[in-house]
Structure formats: structure tokens, C-alpha cells
Amino acid sequence: MNQIKLVVAGAVVLLGVIAFGAHFSDPTPTATDKASAAVGSSTLRIGVESTEPVYYQSEGTTKGFDYEMARSVADGMGVEPEFVPMDFNELFPALRAGKIDMIGAQVTRTSDLERDFDFSAPYFSTYVAFLTPEGSTIRTRRDVDGKRIAVVDGAIQESYLRDKYHEVEIVKAPTVNAAVELIERGEADALFHGAPYAQSIIKSAPIVLEEPIVYPVDDAPIGFVIRSGDARKEQIDGVLKDMVLSGEWLKIKTAYFEADPLSDVFGDKGA
């Protein structure tokens, strides 16, 4: 019980810090942004990547960590959630064009994205993974120097790889499946992607992949993405805070990532 209380307290601190910082760092909304806020709308259109564990079907039931988090946010706001599955590289254009109101797809908050969009308070932390084919000489993340590493075009892993690994050749692919095909054809040595997707990728890959090389990224919170100046941000942040305080966040997280401890601030240590 005390351990769970510590988790809740730590998560609330992180939520408060991010939400407070975002309040003062957001660019001034334009008239267009304000008009697009649609605060009075009875529906929240949520763009999701149709991939386990974000959003998927299992025995006729819709499941997914981001799906359940976004659905709970919509419920807390008193609006009806409408989920719009699409490829990851389609999400931001759709949000910018007003085809969706929010992205819920394990998006890491970065300074580049914050120039164009607003982020909610965090609801997860970023873990990344290298996925390699059977028999690969890449055994640890230190082994990737000089290798060709596939990434999904536009995903956070591309910029992180560019910043942290200067001796790799980055090979872009439009989707995860296309990235795995690059490995299958011998045009890439590994895939660098979000760790929560790793087991799903391994299960569906047409080739045998080794167990993922997983590690956390410091100071890389994951949040919902909305258009810059959308007045619903404050409401979304409030619902997320309530979900943490009530234990709902921990319940959803544990259902999908029970074996994966989070960063020290969120650190439930498997509770």
C-alpha cells in the first residue's frame, strides 16, 4: 500500500511539473487555433496507431494502453471518444488538418514537436529497443556502431538515434513492417523503435527476431498531442491528474506493462 502511495505521489509531481512548465512555454494561440479548440464539442476524435499495445483488437474487443488511457480521458471530460486508426506518419498531418483532435500513440514530448503542437501532462515514460535478426552480432546497444539501423520515418527514435549514435547509418522506412522487410532483405541490421511495441513486432515478423535490447530514455515523457492553443489541454491535464490520484492510471499501466518498471518518478517497481 505504501509503495502504491509513493507511485501516485511521484507521478503527480511529474504531472504537475510538466503541466506547469507547458503553461508558460506554450506559444500564444492564434485566432485560428482558438477557433479550432472546439471546447464545446461532444466528441473527442483520437488518432491512434493500430498496433499492439497501443490500439488493437483481441477476440472482438478493442484493447490497448493508449486506447484505454484516451478513453478514460474522454470519459473524464464528459465527451464521446472517436478513435481513428492510422499509420504513425499520418497522425501529425491529420491533427494539423483538423481531422482528429488528439494523438494517443506513445508520442514522446520533444522541443521540435512543441514548436508546432501542445502536449498534455505525461501519462507514460519512454523506453526504446533495438530489434535484431536471429544470429545478429548486435548483443548490446554498444554494438550498433557501424551498423545500418532502420527507423520509422518521423518517429522520435530517428532524432534520438541521430543525436546519441553518431556512428550508425540511419535507414528510414514508412512503417514498422517496411523496416522489418529491410532487415529481411539485408538492407538494415536492426530496427530501433519504441520498446512497448517490441513483443508485438517479434510476434508478427516474417523472420525470427532476437529478444529486444531495451533501455529507458531519461527525461522523455510521453503525452497526448493536441493542436497548439487548444483550450482543452487544461481539462485533459486535470483528468490525467485525477486518474493518477485515483489509482486508475496504475491499474491500466499494470494491465499492459506489469513486467516493465518505469522511470524513478513513475517507478511502481511492479506494484
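Residues numbered from 1 in each chain as written. Predicted model: local features only at pLDDT ≥ 70, side-chain atom pairs only at ≥ 80, totals over all residues. Heavy atoms only, no water.

Draft legend 1. Just the sheet that holds strand S10 (residues 213-227), in detail. The eight strands are arranged S4-S1-S5-S10-S6-S9-S7-S8 in an open sheet whose pairing can be described as mixed. Both edges of this open sheet fall to strand S4 (80-86) and strand S8 (169-173), since each of them pairs with a single strand only. The sheet contact formed by strand S7 (residues 148-152) and strand S9 (residues 190-194) spans two bridges and is parallel. If you follow Ala150 over to S9, its bridge partner there is Leu191. (Pairing = 2+ DSSP bridges. Helix = DSSP H or I, 4+ residues; strand = E, 2+ residues; numbered from the N terminus.)

Draft legend 2. Expanded view of the packing of aromatic side chains. Counting across every chain of the model gives 16 aromatic pairs. Measuring from centroid to centroid gives 6.0 Å for Phe88 and Phe92, while their planes differ by 70 degrees, and the two rings are edge-to-face. Of the two residues, Phe88 and Phe92 both sit in helix H4 (residues 88-96), four residues apart, roughly one turn of that helix. Summarising the burial analysis for this pair, Phe88 and Phe92 share the class buried. Members of the aromatic cluster, connected to one another through ring pairs, are Phe65, Tyr123, Phe124, Phe224, Tyr256 and Phe257. Stacked on the ring of Tyr215, the Lys or Arg Arg141 has its end atom at 3.9 Å from the ring centre. (Phe/Tyr/Trp six-rings, centres within 6.5 Å; stacked < 30°, edge-to-face > 60°. Buried < 20%, exposed > 50% of the residue type's maximum accessible area, 1.4 Å probe, protein only. Lys NZ or Arg CZ within 6 Å of the ring centre and 35° of its normal.)

Draft legend 3. Examining the confidence of the model for the chain more closely. Looking at the chain as a whole, its pLDDT mean stands at 83, while 80% of the residues score no less than 70. Low pLDDT, under 50, characterises residues 260-271; the stretch is placed with 36 contacts to residues that sit more than four places away or in other chains. (pLDDT = per-residue confidence, 0-100. Contact = heavy atoms within 4.5 Å.)

Draft legend 4. The arrangement of the pattern of salt bridges in detail. For the structure on display, the rule yields 13 salt bridges. Here Glu158 ties to Arg162 by a salt bridge, and the two come within 3.0 Å at their closest N and O atoms. In this pair, Glu158 and Arg162 both sit in helix H6 (residues 156-164), four residues apart, roughly one turn of the helix. For Arg162, a relative accessible area of 45% corresponds to the partly exposed category. The residue Glu187 makes a salt bridge to Arg185 at a minimum N-O spacing of 2.9 Å. Each of the salt bridges in this network shares a partner with another, and the network as a whole consists of Arg45, Asp101, Arg227, Asp230 and Arg232. (Salt bridge = Lys/Arg side-chain N within 4 Å of Asp/Glu carboxyl O.)

Draft legend 5. Helix H3 (residues 65-77), seen in detail. Under the 1.5 Å per step criterion, the end-to-end length of H3 is 18 Å for 13 residues, consistent within 8% with the ideal 18 Å. Of the positions making up H3, those classed as buried are Phe65, Asp66, Tyr67, Met69, Ala70, Ser72, Val73, Ala74 and Met77. A positive phi of about 75 degrees marks Gly78, the residue just after H3. (Expected span 1.5 Å × (residues − 1).)

Draft legend 6. Looking closely at the packing of H3 against helix H10 (residues 248-257). Viewed as axis vectors pointing N to C, H3 and H10 meet at an angle of 165 degrees, and their least axial separation amounts to 9 Å. With respect to H10, the element H3 is oriented roughly antiparallel. Note on packing geometry: the crossing formed by H3 with H10 is right-handed. Taking contact as the criterion, the partners of Phe65, Glu68, Met69 and Ser72 in H3 are, on H10, Glu248, Trp249, Ile252, Lys253, Tyr256 and Phe257. (Axes fitted to C-alpha atoms, helices over the stretch in contact; angles between N-to-C directions. Parallel < 35°, antiparallel > 145°, perpendicular 65-115°, else oblique. Left-handed = near helix turned anticlockwise from the far one by under 90°.)

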